[in-house]
Structure formats: C-alpha cells, structure tokens
Amino acid sequence: MNTLVEIGKKYPTSKNVTGFLEIYEIFFKNLRDKEINILEIGVDNGDSLRLWRDYFSKAKICGIDIVKKEFKIKDVEILCGDQSDHNFLTEVVEKFKNFDVIIDDGSHVSKHIIASFNFLFKYLNQNGLYIIEDLQTSYIPRFGGSRFNLDKKNTSMNFLKSLTDSINYEHKDRPFFKKKKFDGMIKSVHFYQNISIVKKGESINYFYKDTKKITFFDKLKKIISLINK
Ligand SMILES: C[S@@+](CC[C@H](N)C(=O)[O-])C[C@H]1O[C@@H](n2cnc3c(N)ncnc32)[C@H](O)[C@@H]1O
C-alpha cells in the first residue's frame, strides 16, 4: 500500500514540500480503512482532497473554500463559504453531522482559525483530530500574528497553547473555579514546525483518580462550584 508521501507525488499540493505528509502518516495510518468523515478547510486546486480520497478507502470527504470551484472531484463534496461564518459552517455540519478529522488549511488568519475551531470542535468525534497547518502565520502581522510580542492575544499559536491548559484543567481546582470552554475535552496537543494536531478526548486526572482523599474543603469547593454554575 502506498504511503501518503508516495501518493502525494501524483498531486502537487504544497503538503508535499512542507514535510506535513510524513506527520500526517503518523496520525492517519490507523484511520486509513475506517469509515470516517473528513473536512478540509481550503480547497485551492483540489489536490489535497484527491490525495485524501486516494489514501482513505472508506472516508467521506468534504472540502470548503471561500472561492467557488468550477471543478468536481469524484467522491468528494466541495462547498463554498467562509470558514469564519458560523451560518455557513452550520450548513456544513447539518450535511455531515460529525467529523473524525478536520484540517484547517484555509485563510491562515488567526481570527478565522479560532472562529472555525470554536464552532467546529463540538462536531469533532471523540478521539477525532483537529489539524491546523501553516502556523508560521501566527508570527506575521497581516495574518493577525506578531513576531515581536509572542504573548499577543488571539494569535493561532497562543490559542493552541491555551488548549494545553485545558488538558490539565483539574489542577486549577480552587474556590469559584469555572471550567473554560474546552476544559476536559482535549486529550493531547501536538506541535511540529508550522503544524499542530489537537486530539479530542476526555482528560482524566490519573494522579488524583484513586488516591486523593475527599476533604471538607473539597466538598465545600464542589458546593460553591455547583452554586456558581
Ligand atoms: C493553501 S490553499 C489550500 C490548499 C489545499 N488544501 C491543498 O493542500 O492543496 C488555501 C485556500 O483557502 C481558501 N480560503 C481563503 N480564505 C478562506 C476563508 N475565509 N474561508 C474558506 N476558505 C478560504 C483559499 O481560497 C485557498 O483556496
């Protein structure tokens, strides 16, 4: 069976030269023959969609792009709309219900990346993968990034870094603590150069799971957090 890198030679997507295909192979090899739904934001000439179609034997594939495409790709659905438009994304999820893999290779503008993630993550299945490409744009001002202020709010990289705290959210236990949107929903966040892979799943606090004694303070915190909901 051909690898993604081998199949990639047939299709001139930039994924061939960025080193992303080697990374994708690690995460995709166990999904190759599964009945999964894949969404890619950013179609361009359709080469990555053709690549996914050849690699995955049973996947339903959808590509979305802000520019209307005049071509068709066999066994692939292409929809036209803006990745940051939640009304358009609602139409996409109404059609496909849920996804196992979502790839954001769209505008690469931080605010669009975050808007798509905020909407679509709910529709990613447990153990699903949310992948964001070309994160070098997080350091480029015209994409909403900064190379001088690495703490700049709302860059794609800082958004992704904040998800790493959602993995460990149980350690933020303090009175009046309120869960953030993605707390407990992130299994792992992987960073490679210019690409990040977020795996959805419940994070379990193995350290405290069996050993922690419930104290009066814990009970009090629980009551306060319930009142606070
Ligand atoms: C890098 S290309 C996609 C390449 C393709 N995934 C591949 O690997 O062959 C980026 C695409 O994102 C589309 N795009 C730009 N802004 C967008 C937006 N706001 N919503 C959806 N698509 C957008 C562009 O029209 C362009 O076709």
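The rules behind each value
- Residues numbered from 1 in each chain as written.
- Predicted model: local features only at pLDDT ≥ 70, side-chain atom pairs only at ≥ 80, totals over all residues.
- Helix = DSSP H or I, 4+ residues; strand = E, 2+ residues; numbered from the N terminus.
- Buried ≥ 20, exposed ≤ 12 C-beta atoms within 10 Å, placed from the backbone.
- Contact = placed C-beta atoms within 7 Å.
- Pairing = 2+ DSSP bridges.
- Right-handed = clockwise from strand over helix to strand, strands pointing away.
- Near = placed C-beta within 6 Å.
- Nonpolar A, V, L, I, M, F, W, Y, C, P; charged D, E, K, R; others polar.
- Arc of directions from axis to C-beta.
- Axes fitted to C-alpha atoms, helices over the stretch in contact; angles between N-to-C directions.

Within the chain, the regular secondary structure consists of eight helices and seven strands. Summarising its shape, the C-alpha atoms of the chain cover approximately 65 × 40 × 30 Å along the three principal directions. Among the 229 residues that make up the chain, the fraction classed as buried is 34%. Considering only contacts in the chain between residues 6 or more positions apart, those separated by 24 or more positions represent 57%.

Here we take up the pairing of strand β4 (residues 99-104). Taking burial as the measure, the six residues of β4 include six buried ones, the bulk of the element. Relative to β4, strand β1 (residues 37-41) runs parallel, the two sharing four bridges. In the strand pairing of β4, Glu40 is matched with Ile103. By the bridge criterion, five bridges tie β4 to strand β5 (residues 124-133) in an arrangement that is parallel. By the bridge assignment for β5, Phe99 is matched with Leu124. Once you follow β4 into helix α5 (residues 110-120) and on to β5, the crossover reads as right-handed.

Close contacts around the ligand come from 21 residues, with Gly42, Asp44, Ser48, Gln83 and Ser107 the closest. Secondary structure elements with two or more residues in the shell around the ligand: β1, α3 (47-55) and β2 (60-65). Split by residue class, the shell around the ligand holds five nonpolar, nine polar and seven charged.

It is worth spelling out the environment of Leu21 at this point. With respect to the element layout, Leu21 can be found in helix α2 (residues 20-28). For Leu21, a count of 22 C-beta atoms within 10 Å corresponds to the buried category. Each C-alpha atom, one on Leu21 and one on Glu6, is 9.5 Å from the other, the two residues being 15 residues apart in sequence. Beyond its immediate sequence surroundings of up to four residues, Leu21 is in contact with Leu4, Val5, Gly8, Lys15 and Asn16.

Time to look at the environment of Glu70. Turning to its location among the elements, Glu70 is positioned in the loop between β2 and β3 (76-80). Between the C-alpha atoms of Glu70 and Asn30, which are 40 residues apart in sequence, the distance is 33 Å.

Another aspect to go through is α5. For the α-helix, the turn length of 3.6 residues means that residues three or four positions removed from each other point alike. Within the sequence span of α5, burial applies to Ser110, His112, Ile113, Ser116, Phe117 and Leu120. The buried residues of α5 occupy an angular sector of 165 degrees when projected down its axis, which confines them to one face. Contact partners of the buried residues in α5: β1, α4 (86-96), β4, β5 and α6 (156-167).

The next thing to look at is the sheet that holds β4. With respect to topology, seven strands assemble into an open sheet ordered β3-β2-β1-β4-β5-β7-β6, the strand pairing being mixed. Each edge of the open sheet carries a strand with a single partner, namely β3 and β6 (186-192). Across the sheet, the mean angle separating the axes of adjacent strands is 15 degrees when strand polarity is ignored. Pairing of β6 with strand β7 (residues 195-200), which is carried by six bridges, proceeds in the antiparallel orientation. Looking at β7, one finds that Ile186 is bridged to Lys200. Against the sheet, α4 makes contact with β1, β2, β3 and β4, and its axis sits at roughly 170 degrees relative to β2, the strand it touches most.

In short, the description is geometric, and any link to function would need to be established separately.
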